[in-house]
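Structure assessment
These are the residues of each chain, in order.
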Amino acid sequence: MSTSVQSPLRELLATALLPGQVPPAAGAGEVSRAAAPAHLFLAVTSIPVGNNPVGVAIAPNSNLYVANSGSANVSVIDTTTDTVVGGPIGVGGTPVWLAVAPNGNAYVPNSGSNTVSVIDTATNTVVGGPIAVGAQPAVVAIAPNGNAYVTNFAANTVSVIDTATNTVVGGPIAVGAQPVGIAVAPNGNAYVTNRGSNTVTVINTATNTVIGAPIPVGNQPNFVAVAPNGNAYVANIGSNTVTVINTISNTVVGAPIAVGNQPWGIAVGADGMAYTANRAANSVTVFDTATNTVVGAPIAVGAGPIAVTAAPNNKVYVSNINGNNVSVIQFAPTLTSIVPNQGPIAGGTMVTITGTNLTGASVDVGGNPATGVTVNATGTQLTFVTPPGAAGPADVTVTTPGGGATLVGGFTYLLPVHATTLTATPALSKLFPPHVYYPFLTATLTDQATGLPVPGQTIVFSVGGNLMGTAVTDAQGVARFNETFILVYILANGGYDASFAGATTPTAILSPSSAHAGVIEP
């Protein structure tokens, strides 16, 4: 089998090595169907897809759509399970960077057939015939007005498709040389990276006209993404940098951000973290768009990473054109709150944890697995049911494929409160002359919740408010106190009192109770 794809793809998906640029790793400079060595896959997982995957896009149903340029089809991945769903969807020749519109339709530019295929992501079927656009369509972006904007790499233009009718609107918009990437800012302006002229063209999508002069950026600008802060981030293949454009003033902001070797793709997550797919370095660089500084070391992925996207659950998906797979990067969870943070030792408390990167989580409380774990679509909240545990604080540990995090003493197990009953028996005495028929006062302690006697608890005996002594309940819950020497006091006060101050046992908190007993003559 040949390791190359048809010729129209060569120029779009391959670049010449520029002076001073680091040579790419073996096979990373051209499209290849050879599998990558296993040791290169250092992301959390890798998902096999079709030949030479390029574009990746998330649909409203959270499925990931992958354009396989060498197979002329699109693979669908369930981002909850990270598994391929159904068979590949056939499209046109050499599909590249696709996008999904708000109506759920995916628009796939077929660089080898100069068309755009439309896929209904609800049914994963192609809708209608392919839409003819310019020569070598590369990337699609959806504007707020619902139109799809398609860069035509070999025609130096952008075509506009009305996604309501799936027809081309107006004539093509002339831009710079070899346009590839396109992204739309919140203000509705579209930013087009012109790889052949090292510039970015700005299009007003309300009028479909070019605004101002092209903006100079780095060498071979290939892809662009707009961050939540409104800035546009341009990945420059030939400079190994990212240029930042203020989309209000359409001017470059600060110095370029150094990333990995040959950054072909770039995406920004909802949290403002940006990711570049460094094709020649087989890695992903992460930087914070709030500070425009790189975070941590590059993350190793598959062979020839060419495109990247961040899912709503904050997992990052990277298409590896030379590895025929998609790498999945999942970061370690963070935990910010737990509600409620206490419950009974019997378990059964429904608990909610908020944080980030919680997708795929399991939960332990005090080392015991929780049940009923569910995570929301964005991976920011999970719920679970506590297992039984020992009284006191317990650590809550959340584990995902990306790592683990612990709330130390995050949940406190509480003992149940049980009411008690104390029953005192009357003193058996002859009043005249005083005589004790039975030498002991007795009091019986019972747990009202269980109906069982409570052993091992201290009972206080008093007469007329004065302490006479204490006794401990036996296995039958009975405390006995010798009345022989206090009979006069008992007779003078018409009886005695027994009281239990309450106590905590390994299984329950026992509430206080008391009783009064008189004197009877048999």
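Residues numbered from 1 in each chain as written. Predicted model: local features only at pLDDT ≥ 70, side-chain atom pairs only at ≥ 80, totals over all residues. Heavy atoms only, no water.

**What to know about the overall build of the chain**
Across its full length, the chain holds two helices and 55 strands. Seen through its principal axes, the chain has C-alpha atoms that stretch 125 × 50 × 45 Å. Each of the 522 residues in the chain was classed as buried or not, and the buried ones make up 52%. Working note: accessible area of the chain is about 20,300 Å², and carbon and sulfur atoms make up 59% of it. Averaging the coordinates of the 7 positive side-chain charges in the chain and doing the same for the 15 negative ones gives two points 14 Å apart. (Helix = DSSP H or I, 4+ residues; strand = E, 2+ residues; numbered from the N terminus. Buried < 20%, exposed > 50% of the residue type's maximum accessible area, 1.4 Å probe, protein only. Areas by Shrake-Rupley, 256 points an atom, 1.4 Å probe, with all protein chains shown as cover. Lys, Arg positive; Asp, Glu negative; His and termini not counted. Charge placed at Lys NZ, Arg CZ, Asp CG, Glu CD.)

**Some words on the confidence of the model for the chain**
With 90% of its residues at a pLDDT of at least 70, the chain reaches an overall mean of 90. Within the model, the stretch residues 1-9 combines pLDDT values under 50 with 18 contacts to residues more than four positions away or in other chains. Here residues 15-43 scores under 50 on pLDDT; set against residues more than four positions off or in separate chains, the count is 79 contacts. (pLDDT = per-residue confidence, 0-100. Contact = heavy atoms within 4.5 Å.)

**Things to note about the sheet that holds strand S54 (residues 513-517)**
The strand order across the open sheet built from four strands is S49-S48-S51-S54, with neighbouring strands paired in antiparallel fashion. Looking at the sheet topology across the chains shown, the edges are occupied by strand S49 (466-472) and S54. Strand-to-strand twist of the sheet, defined as the mean angle between neighbouring strand axes without regard to direction, takes the value 20°. (Pairing = 2+ DSSP bridges. Axes fitted to C-alpha atoms, helices over the stretch in contact; angles between N-to-C directions.)

**Some remarks on the pairing of strand S39 (residues 371-375)**
Where S39 meets strand S40 (residues 381-385), three bridges bridge the pair, whose relative direction is antiparallel. What sits directly across from threonine 371, in S40, is valine 385. The antiparallel pairing of S39 with S40 creates a hairpin that spans five residues between the two strands, and glycine 379 there sits at a positive phi of about 70°.

**Section: the pattern of salt bridges**
Counted according to the given criterion, the structure contains two salt bridges. A salt bridge links lysine 315 to aspartate 82, with the nearest nitrogen and oxygen atoms 2.9 Å apart. Separated by 233 residues along the polypeptide, lysine 315 in the loop between strand S31 (305-310) and strand S32 (316-320) and aspartate 82 in the loop between strand S4 (73-78) and strand S5 (83-84) bring together distant segments of the chain. Given a relative accessible area of 2%, lysine 315 falls into the buried group. (Salt bridge = Lys/Arg side-chain N within 4 Å of Asp/Glu carboxyl O.)

**Things to note about the sheet that holds strand S20 (residues 209-216)**
As summarised here, the arrangement of the four strands in space is S17-S18-S19-S20, forming an open sheet in which the pairing is antiparallel. Among the strands making up the open sheet, the edge pair consists of strand S17 (179-184) and S20. Going from strand to strand, the sheet's axes swing by 20° on average, the running direction of each strand aside. Sheet analysis places S17 next to strand S18 (residues 189-194), joined by four bridges and oriented antiparallel.

**Some words on the environment of asparagine 320**
Here asparagine 320 lies in strand S32. Leaving out residues up to four positions away in the same chain, asparagine 320 has contacts with Pro53, Val301, Gly302, Ala303, Gly304, Pro305, Asn325, Val326 and Ser327.

**Things to note about the nonpolar core**
One finds Leu13 and Trp97 to be the most contacted residues of the largest nonpolar core, which totals 50 residues. Judged by nonpolar contacts, the second largest core, of 22 residues, contains Leu422, Ile459, Ala479 and Ile490. (Core = buried A, V, L, I, M, F, W, Y, C linked by side-chain atoms within 4.5 Å.)

**Focus on the side chain of threonine 420**
Looking at the secondary structure, you find threonine 420 in strand S44 (residues 420-424). Overall, threonine 420 belongs to the buried group, its relative accessible area being 7%. A polar contact is formed between the side chain of threonine 420 and the backbone oxygen of serine 511, at a distance of 2.7 Å. Side-chain polar atoms of threonine 420 contact the side chain of serine 513, separated by 2.9 Å. With near-sequence residues (within four places) excluded, threonine 420 lies in contact with Leu445, Thr446, Gln448, Phe500, Leu510, Ser511, Pro512 and Ser513. (Polar contact = N/O pair within 3.5 Å; in protein donor to acceptor, adjacent residues only side chain to side chain.)

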